[in-house]
Amino acid sequence: MPRMEIRGSGALVAGGASGLGAATARRLAAAGAAVTIADIDEVRGAALAEEIGGRFARTDVRDEAQVMGAVDRVGDGLRIAASCAGIGPAEKVTGSRGPHRLESFERVIAINLVGTFNVLRLGATAMLANEPDAGGERGVVVCTASIAAFEGQVGQIAYAASKGGVAGMTLPAARDLAPAGIRVVTIAPGLFDTPLLASVPDEMRERLGRSVPFPSRLGRPEEYAQLVESIVANPMLNGETIRLDGALRMAPR
């Protein structure tokens, strides 16, 4: 059965310096991909690139020229693009402190949604130049949403809107790119042990983990990376947002 070969393929991991992105960069490199890490964290990004034998490109995903530079850094043969960059500040629509700051809402949308779109559109454009493989495939783009796209909690209005946008553009993007043999799949993680939860006290982290039906713990970045590898390898996965959440459905708080 034809399947995309990870070994020897060029891979771009946006937000690859830490968390889900770092685990993905390691997993793809271990599978034989030539990985380029795109991130604003130069210290961690460059160190990880050296560790896995890859490349690093300082990249703000909001900036078209910088994302294009990261794509160019991969060189010929970009076949895998994973978009993991994101932020998740908490702020309510309104309250005793006044209305939600427009600036913070726009920043979350710009990084999480526009940034993901930048990686998608510019990565896919580079993939157009690839020769199709035996299955007619030129590449695959993996985006990152969140279960907050479907069950946003109190204080997650901006985050939920941004991740809902990522989930919403997955199918039309896959349809746009289908004639070129480029797939688009989104992962919607639940509660994962990433830098977004780093500031949460251990007791609360354990409580959050126990709220997951099974397994009753926080997800591990390596489990996200495992799914990325599976998506790349399975040509029938396309146009879908896959929940990776241990059957968790988020309560309002």
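Heads up: the structure comes first, above all this text.
Before going further, it helps to examine the overall build of the chain. On a plain count of helices and strands, the chain comes out with eight helices and seven strands. Computed over the C-alpha atoms, the radius of gyration of the chain is 18 Å, within 12% of the 18 Å expected from 2.2 N^0.38 for a compact globule of 253 residues. Burial statistics for the chain: of 253 residues in total, 50% are counted as buried. Counting contacts in the chain only where the partners sit at least 6 residues apart, residues at least 24 apart contribute 70% of the total. As displayed, the chain offers around 12,200 Å² of accessible surface, 53% of which is attributable to carbon and sulfur atoms. In the chain, 27 positive and 28 negative side-chain charges are present, and the distance between their average locations comes to 4 Å.

Turning our eyes to something else, we now look at helix H3 (residues 64-74). Each α-helix turn comprises 3.6 residues. Residues three or four places apart therefore point the same way. Taken together, the buried positions of H3 are Val-67, Ala-70, Val-71 and Val-74. Burial along H3 is one-sided: seen end-on, the buried residues are contained in an arc of 100°. Facing away from the buried side of H3, by more than 90 degrees, are the exposed residues Ala-65 and Asp-72. The distance from a side-chain oxygen at the start of H3 to the backbone nitrogen of Ala-65 is 3.0 Å, and the residue carrying that oxygen is Asp-63. Of the residues one or two after H3, Gly-75 is the one with positive phi, at around 85°.

What follows covers the side chain of Asp-245. Inspection of the secondary structure assignment puts Asp-245 in the segment after strand E7 (241-244). We classify Asp-245 as buried; its relative accessible area is 11%. A polar contact of 2.6 Å, which involves the side chain of Asp-245, links it to the side chain of Arg-243. In terms of polar contacts, Asp-245 uses its side chain to reach the backbone amide nitrogen of Ala-247, at 2.9 Å. Among all residues touching Asp-245, those that are not within four sequence positions of it are Ile-147, Gly-190 and Val-212.

Our focus in this paragraph is the side chain of Thr-59. Looking at the element boundaries, Thr-59 is found in the loop between strand E3 (55-58) and H3. Here Thr-59 is in contact with Ala-38, Asp-39, Ile-40, Gln-66, Val-67 and Ala-70, once residues within four sequence places are set aside.

This next bit is on unusual backbone geometry. Here the bond from Phe-214 into Pro-215 is cis, since omega is -5°, no more than 30 degrees from zero. Here Pro-215 lies in the loop between helix H7 (202-210) and helix H8 (221-233). If you check the backbone angles, Ala-247 has positive phi at about 70° while not being a glycine. Positionally, Ala-247 belongs in the segment after E7.

A few words now on the sheet that holds strand E1 (residues 10-14). Reading across the sheet, the seven strands line up as E3-E2-E1-E4-E5-E6-E7 and stay open at both edges, with parallel pairing between neighbours. Two strands bound the open sheet, and with one partner strand each, they are E3 and E7. Direction aside, neighbouring strands of the sheet carry axes that sit 20° apart on average. In this sheet, strand E5 (residues 139-144) lies alongside strand E4 (residues 78-83) in parallel orientation, the contact comprising three bridges. Across the sheet, the residue bridging to Ala-81 is Val-141, located in E5. Together, strand E2 (34-39) and E3 form the strand contacts of helix H2 (residues 42-52), whose direction differs from that of E3 by roughly 165°. Along the sheet, H3 makes contact with E1, E2, E3 and E4, crossing E3 at roughly 165°.

Quick look at the packing of helix H1 (residues 19-30) against H8 now. Two elements in contact, H1 and H8, have axes separated by 8 Å at closest approach and are oriented at 50°. When the interaxial angle is binned, H1 and H8 end up oblique. Handedness of the H1/H8 crossing: right-handed. Taking contact as the criterion, the partners of Gly-19, Leu-20, Ala-23, Thr-24 and Arg-27 in H1 are, on H8, Pro-221, Glu-222, Tyr-224, Ala-225, Gln-226, Val-228 and Glu-229. A per-class count over the contact of H1 with H8 returns six nonpolar, three polar and three charged.

About the thresholds
Residues numbered from 1 in each chain as written. Predicted model: local features only at pLDDT ≥ 70, side-chain atom pairs only at ≥ 80, totals over all residues. Heavy atoms only, no water. Helix = DSSP H or I, 4+ residues; strand = E, 2+ residues; numbered from the N terminus. Rg over C-alpha atoms; globule rule 2.2 N^0.38 Å. Buried < 20%, exposed > 50% of the residue type's maximum accessible area, 1.4 Å probe, protein only. Contact = heavy atoms within 4.5 Å. Areas by Shrake-Rupley, 256 points an atom, 1.4 Å probe, with all protein chains shown as cover. Lys, Arg positive; Asp, Glu negative; His and termini not counted. Charge placed at Lys NZ, Arg CZ, Asp CG, Glu CD. Arc of directions from axis to C-beta. Polar contact = N/O pair within 3.5 Å; in protein donor to acceptor, adjacent residues only side chain to side chain. Pairing = 2+ DSSP bridges. Axes fitted to C-alpha atoms, helices over the stretch in contact; angles between N-to-C directions. Parallel < 35°, antiparallel > 145°, perpendicular 65-115°, else oblique. Left-handed = near helix turned anticlockwise from the far one by under 90°. Nonpolar A, V, L, I, M, F, W, Y, C, P; charged D, E, K, R; others polar.

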